[in-house]
Amino acid sequence: MMMKMKLNLVAVPGIVLSVSIAIVVSGGAKAQSGSASQTTTATAPKTAVQQFKNIQVLKDIPADELIPTMQFVAASLGVECEFCHVHDAFDKDDKKPKQTARKMMEMMLTINQENFEGHREVTCYSCHRGSTNPVAIPPVMSAEMEMPASAHAEGTETKLVGGPTGDDLLEKYLHAAGGNAAVNKVDSRVMKGTITFGDRNIPIDIYSKEPDERISFAHTPDGDSITAFNGHEGWLAAPKRPVREMHGPDIDAAAMDADLRFPAHVKEICTKTEVRGMEKIGDHSAYFVDCERAGKTPLHLYFDEQSGLLVRLVRFGETALGQLPTQIDYADYREVAGVDIPYRWTLARPGGRFTIQLTDVKQNVPVDDAKFAKPPAPPGEPKAPAK
Ligand code: HEC
Ligand code: HEC
């Protein structure tokens, strides 16, 4: 339990539960930080088997994808890493569930190979649904269950006929956010507020600068917890822990969070849009737009029917065994220097959720590039994780 608290705290300002969890994997983490700083799209990425000690099934996946894949497995079964792993020795096969999990991975790959032409239709979650014991027998109808299956099929969306197109809605969003000219004038944003997770409230400062730099400092009682992205690499720093590199799908997410001109850029980001229907978000109706991206997982965008503003964004982190969703709900839009920006957002994913409420926002003020420089590893920090 204590462990979980710490993990959440580290994940605080940013985007990345996977990175925070990876903190406990000091061996792998160390190896990765060396390569991540030199990563360019041209060099062949390391595979899992090259980087980790005891990989038998996930051999050929990119090393960067291993931890996110583990997160997917943990979320699918509703367990922590320790369910399968002994503390501080992730390569060991001492626990029975780890051995079972390896067989299950083989099984899942075979099911998809033999029945779905290799498409990943069945994942750990298809059977496990957040539990270690998949249920094989359908339940009897309980008193609370009002209607059979049809009432709770895939969300509450209703199909639209003859409404606006996805492109119309992106255009309306840009207009609602202040228009092309105003949005493209945004060079920097300095934000102050509070981050809340569970019953903890922590002051937070966020600095963002065009084209894609962003750093946040959550001022915890033990010191600052930092999440940063400088345009090509991201990292996390937390009190008493070594600086951690961001990797895999988290880089894509960090780049998006750092984009101050998103309302203008989203039109290029989406190579194809499709309106999927209306959904209720809070007490508002919103259009659900599926946004396809070139070579990346899609985005699900929800635009307020009335204001046209973005009220929800769902993105999907690709892993070797399935996708990990992150949902961000935006609210409390206010105008700052001609653009409407959300003063509150709630980020939720399988591992947890937090809300950031801003109290003060300044736009187009000078922000020194040095602000985004990576902090040095703490002096004398041993490789072993802090307990
Ligand atoms: C349901 C069981 C299960 C859970 C939960 C799980 N893992 Fe794993 N993990 C495995 C299996 C199985 C392998 C080996 C995969 C293979 O052989 O291809 C593995 C391998 C690893 C490795 C590679 C170790 C090495 O050097 O060979 C790391 C690191 C790791 N897991 C980290 C994690 C982390 C971090 C979490 C929590 C987010 C986690 N795992 C959750 C089953 C699990
Ligand atoms: C086709 C359905 C199905 C899929 C897909 C599936 N499992 Fe399972 N899994 C089961 C069933 C059923 C059991 C329980 C078997 C039993 O009770 O003996 C189980 C048991 C397990 C257990 C043992 C749990 C315990 O209490 O010790 C682990 C660990 C596990 N699965 C991991 C995984 C992982 C990881 C994946 C994805 C790579 C996966 N499973 C995919 C059906 C599935």
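Definitions and limits used
Residues numbered from 1 in each chain as written. Chains lettered and ligands numbered in written order. Predicted model: local features only at pLDDT ≥ 70, side-chain atom pairs only at ≥ 80, totals over all residues. Pairing = 2+ DSSP bridges. Helix = DSSP H or I, 4+ residues; strand = E, 2+ residues; numbered from the N terminus. Near = placed C-beta within 6 Å. Nonpolar A, V, L, I, M, F, W, Y, C, P; charged D, E, K, R; others polar. Contact = placed C-beta atoms within 7 Å. Axes fitted to C-alpha atoms, helices over the stretch in contact; angles between N-to-C directions. Parallel < 35°, antiparallel > 145°, perpendicular 65-115°, else oblique. Left-handed = near helix turned anticlockwise from the far one by under 90°.

Visitor: Would you mind showing me how to read the pairing of strand E12 (residues 339–349) here?
Guide: Sheet analysis places strand E11 (residues 323–336) next to E12, joined by nine bridges and oriented antiparallel. The residue bridging arginine 334 from the neighbouring strand is isoleucine 341, located in E12. The antiparallel pairing of E11 with E12 creates a hairpin that spans two residues between the two strands, and alanine 337 there sits at a positive phi of about 50°. Note that E12 and strand E13 (residues 352–363) share six bridges and pair antiparallel. Pairing of arginine 344 across the sheet is with glutamine 357, part of E13. With antiparallel pairing between neighbouring strands as the criterion, E12 and E13 make up a hairpin whose turn holds two residues.

Visitor: Would you mind showing me how to read the site of ligand 2 here?
Guide: Inspection of the region around ligand 2 gives 17 residues, with Pro97, Met104, Cys124, Cys127 and Thr132 positioned closest. Residue assignment for the shell around ligand 2 shows that the elements contributing at least two residues are helix H5 (66–77), helix H6 (96–115) and helix H7 (124–128). Element by element, the count of residues in the shell around ligand 2 is highest for H6, at six residues. Among the residues making up the shell around ligand 2, the classes are represented as twelve nonpolar, five polar and no charged.

Visitor: Explanation requested: the environment of glutamine 357 in the structure shown.
Guide: Position of glutamine 357 relative to the elements: it lies in strand E13. With 13 residues separating them in the primary sequence, glutamine 357 and arginine 344 have C-alpha atoms 4.4 Å apart. Once residues within four sequence positions are removed from consideration, glutamine 357 is found in contact with Gly193, Thr194, Tyr343 and Arg344.

Visitor: Explanation requested: the site of ligand 1 in the structure shown.
Guide: In the vicinity of ligand 1, 27 residues are found, and the nearest of them are Phe52, Val57, Met70, Cys81 and Cys84. Those elements that provide at least two residues to the shell around ligand 1 are H5 and H6. Examining the composition of the shell around ligand 1, we find that six residues originate from one element, H5, more than from any other. Here the residues of the shell around ligand 1 are counted per class, giving 18 nonpolar, five polar and four charged.

Visitor: Help me understand unusual backbone geometry in this model?
Guide: Leaving glycine out, the prevailing phi sign among residues is negative, and the prevailing peptide bond configuration is trans. Of note, the amide linkage connecting glutamate 210 to proline 211 takes the cis form, showing an omega dihedral of 0°. With respect to the element layout, proline 211 can be found in the loop between strand E2 (200–209) and strand E3 (213–220). At aspartate 332, a position not held by glycine, the phi torsion is positive, near 55°. With respect to the secondary-structure elements, aspartate 332 resides in strand E11.

Visitor: Where do I start with the packing of helix H8 (residues 166–176) against helix H11 (residues 262–269) in this structure?
Guide: When two helices pack together, their arrangement is captured by the angle between the axes and the distance separating the axes. Across the interface, H8 lies against H11 with an axial gap of 8 Å and an inter-helix angle of 165°. One way to sum up the angle between H8 and H11 is to call them roughly antiparallel. The two elements H8 and H11 cross, and the hand of that crossing is left-handed. Contact with H8, carried on its side by Leu170, Tyr173 and Leu174, involves Pro263, Ala264, Val266 and Lys267 of H11 and no other residues of that element. Its residues assigned to classes, the contact of H8 with H11 shows six nonpolar, no polar and one charged.

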